[in-house]
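Letter by letter, the chains look like this.
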Amino acid sequence: ADSLPYPRAGFWAERGCKEFGGELECTKWDTFLECNPSANCAGGQSEACREGRTGRMCMAAAPGWFIVGEEFWFRCGDSGHVITLAGIAAVVLCWIAIEIMAGHNHTSTSTALLFVQVSTMIGTFGLRWHPYLQVVNTVFAIADFDVDFVQPNCLGPWTDVYSFYLQLLLPFIFTGFHVLFYAARKAIAGWRWADIKARAPETGSPKPLTS
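On a predicted model such as this, the values are computed, not experimentally measured, just so you know.

Visitor: Could you give me a rundown of the overall build of the protein chain, with the residues and numbers involved?
Guide: Counting its secondary structure elements, the protein chain contains four helices and eight strands. When the helices and strands of the protein chain are read in sequence order from the N terminus, they spell out β-β-β-β-β-β-β-β-α-α-α-α. Burial statistics for the protein chain: of 211 residues in total, 25% are counted as buried.

Now the structure itself:
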């Protein structure tokens, strides 16, 4: 076993292959994959992941850690639950703001949103982006409406399956938000109109309010 090849830092080996004692039939068992980002994989004979990482290609959060934008890793600690909830709330507020601005049919807003989304997709390519540019791509990723931008690992177990189904439900969630928002506006307009009618002089005829 000591004579078997092992990856250097930044690369990952499929240890499930039979050549390494696993059960998988691997035609390229001695080919190592470059991790993205490469900092996730420590490499070496132990083939360990960096602190806080686990899973295939060291892309999953280890117990007690959570991920923001698939780029930044943080310990849960004592305040991890609060930080996670605050991060999720901030992302949702950004989504609502983007949805409202895009709904006004401003050409400049739609063009800017399209540019940001395309830039984010390009940023997912396995290229060697400059660290500063990687931070910009991570911030832009909010506009992609990824439900796991802030992964709630500190709140409980979270898997890609949960992300998949929540992503499918996102259009229905936004539809429900718009329905509730419209109903609230109509209700407030109705209350205001009823109040104006009650306060209007007998000789006057108040004009109806528009919602």
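Visitor: Give a detailed account of the state of the cysteines, specifying residues and quantitative values.
Guide: Taken as a whole, this structure holds three disulfides when the rule is applied. The disulfide bridge from cysteine 35 ends at cysteine 41, spanning 1.8 Å between sulfur atoms. The sign of the S-S torsion, about -90°, decides the handedness of the disulfide formed by cysteine 35 and cysteine 41: left-handed. Judged by its relative accessible area of 1%, cysteine 41 falls in the buried class. Here cysteine 76 is linked by a disulfide to cysteine 154, with a sulfur-sulfur distance of 2.0 Å. A torsion of -95° about the S-S bond marks the disulfide between cysteine 76 and cysteine 154 as left-handed. Taken together, the positions of cysteine 76 in the loop between strand 8 (72-75) and helix 1 (80-103) and cysteine 154 in the loop between helix 3 (131-140) and helix 4 (160-199) put the pair 78 residues apart, joining distant regions of the chain. Just as cysteine 76 is buried, cysteine 154 falls in that class too.

Visitor: Tell me what's going on with the environment of serine 38, and back it up with residues and numbers.
Guide: Structurally, the position occupied by serine 38 is in the loop between strand 2 (33-34) and strand 3 (41-43). Between the C-alpha atoms of serine 38 and phenylalanine 11, which are 27 residues apart in sequence, the distance is 6.8 Å.

Visitor: Outline the layout of surface pockets, listing residues and values.
Guide: Estimated volume of the largest pocket: approximately 1,200 Å³. Every residue lining the largest pocket is counted, 44 residues in all, and those nearest its centre are Asn36, Pro37, Met59, Glu70 and Glu71. A total of five residues in the lining of the largest pocket trace back to one element, the largest contributor, which is helix 3. Residues that form the lining of the largest pocket fall into these classes: 20 nonpolar, 16 polar and eight charged. When its volume is computed, the second largest pocket comes out at roughly 270 Å³. Residue lining of the second largest pocket: 17 residues in total, with Ile88, Val92, Trp95, Val147 and Leu170 positioned closest to the centre. At the level of elements, helix 1 and helix 4 are the ones that each hand at least two residues to the lining of the second largest pocket. The residue inventory of the lining of the second largest pocket, partitioned by class, reads 15 nonpolar, no polar and two charged.

Visitor: Could you give me a rundown of the nonpolar core, with the residues and numbers involved?
Guide: Core analysis: the biggest nonpolar cluster contains 17 residues, and Val91, Trp95, Phe145, Phe149 and Leu170 have the highest contact counts within it. Counting residues per element, the ones that place at least two in this core are strand 7 (65-68), helix 1 and helix 4. Aside from chain neighbours lying at most four places away, what touches valine 91 is Ile142, Phe149 and Val150.

Visitor: Now, about unusual backbone geometry: what can you tell me, with residues and values included?
Guide: In this structure, methionine 57 is a non-glycine residue whose phi angle is positive, near 60°. Residue position: methionine 57 is located in the loop between strand 5 (53-54) and strand 6 (60-61). The class for methionine 57 is buried, based on a relative accessible area of 12%. The phi angle at cysteine 58 is positive, at roughly 55°, despite the residue not being glycine.

Rules behind the numbers
- Residues numbered from 1 in each chain as written.
- Predicted model: local features only at pLDDT ≥ 70, side-chain atom pairs only at ≥ 80, totals over all residues.
- Heavy atoms only, no water.
- Helix = DSSP H or I, 4+ residues; strand = E, 2+ residues; numbered from the N terminus.
- Buried < 20%, exposed > 50% of the residue type's maximum accessible area, 1.4 Å probe, protein only.
- Disulfide = S-S within 2.5 Å.
- 1 Å grid on protein atoms, 1.4 Å probe; cavity = no way out; pocket = protein on both sides within 12 Å on 5 of 7 lines; lining within 4 Å.
- Points joined across faces, edges and corners; volume = space filled by probe spheres on them.
- Nonpolar A, V, L, I, M, F, W, Y, C, P; charged D, E, K, R; others polar.
- Core = buried A, V, L, I, M, F, W, Y, C linked by side-chain atoms within 4.5 Å.
- Contact = heavy atoms within 4.5 Å.

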